[in-house]
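# Structure assessment
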Amino acid sequence: MFDPEFQISVLGRIQHSFCHELSISTTMNRVVVFGKPASGKSSLSRDISAATGLNLFPLDLIEYEKNGERVPAEIYSAKHAELIASDNWIIEGLGTLQSFWERIDAADTLILCGFTVQS
């Protein structure tokens, strides 16, 4: 299982984007990764999932059919509610505004990608 002493630092891995340094620990159980398009959310989420063993749920796979059409809102909402009720997850993406706020409330870790920090 995950070694509590193990930490990974992710510093500006993605060109044209910035993710703050991230220390991965065993206290991360419900992780929300969100931010600007093409900011490295998916890559970072996969890396965190591989390092922690947490299951990754990209919202695009829940919100859209394989043909690109949106699933009905009630189906999306039910799947999303089931996800955030579970004990551990990484959910990457935005989804609907209502589901975003529900996810933020349920999370213990928020990761915002794609914004520069002014010093």
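Up top you'll find the structure we're talking about.
If you're wondering where the values come from, they're calculated on a predicted model, not measured in any experiment.

## Overview of the nonpolar core
- Counting residues in each nonpolar core, the largest one holds 14 residues, and the members touching the most others are Val 32, Trp 89 and Ile 91.
- Excluding anything up to four places from it in sequence, Val 32 contacts Trp 89, Ile 91, Arg 103, Ile 104, Ala 107, Thr 109, Leu 110 and Ile 111.

## Looking at the pattern of salt bridges
- Counted according to the given criterion, the structure contains one salt bridge.
- In this structure, Arg 70 engages Glu 63 in a salt bridge whose closest nitrogen and oxygen atoms are separated by 3.1 Å.
- Residue classification places Glu 63 among the buried residues on the basis of a relative accessible area of 6%.

## Focus on helix α1 (residues 41-52)
- Taking 1.5 Å as the rise per residue, α1 with twelve residues should run 16 Å; its terminal C-alpha atoms sit 16 Å apart, in good agreement.
- Within α1 the residues assigned to the buried category are Lys 41, Leu 44, Ser 45, Ile 48, Ser 49, Ala 51 and Thr 52. For α1, the angular spread of buried residues about the axis comes to 165°, placing them on one side.
- Packing partners of the buried residues in α1 comprise β1 (30-35), β2 (56-58), β3 (89-92) and β4 (109-113).

The rules we used
Sequence positions are assigned chain by chain, starting from 1 and proceeding in written order. In keeping with the model being predicted, local features are shown solely for residues with a pLDDT of at least 70 and side-chain atom pairs are shown and tallied solely at 80 or more, while totals for entire chains, interfaces and linings include all residues. Computation of side-chain values covers all heavy atoms of the structure but excludes hydrogens and water. Only buried Ala, Val, Leu, Ile, Met, Phe, Trp, Tyr and Cys residues count toward a nonpolar core, and they belong to the same one when joined by side-chain atoms within 4.5 Å. The classification of residues rests on relative accessible area computed with a 1.4 Å probe and restricted to protein chains. Under 20% of the type maximum is buried, over 50% is exposed, and intermediate values are partly exposed. In this analysis, two residues are considered to be in contact whenever any of their non-hydrogen atoms come within 4.5 Å of each other. Any carboxyl oxygen of Asp or Glu that lies within 4 Å of a side-chain nitrogen of Lys or Arg is treated as forming a salt bridge with it. Going along the chain from the N terminus, every DSSP run of H or I of four or more residues is numbered as a helix, and every run of E of two or more is numbered as a strand. By this rule the span expected of a helix is its residue count minus one, scaled by 1.5 Å. Our arc is simply the arc of the directions from the helix axis toward the C-beta atoms.

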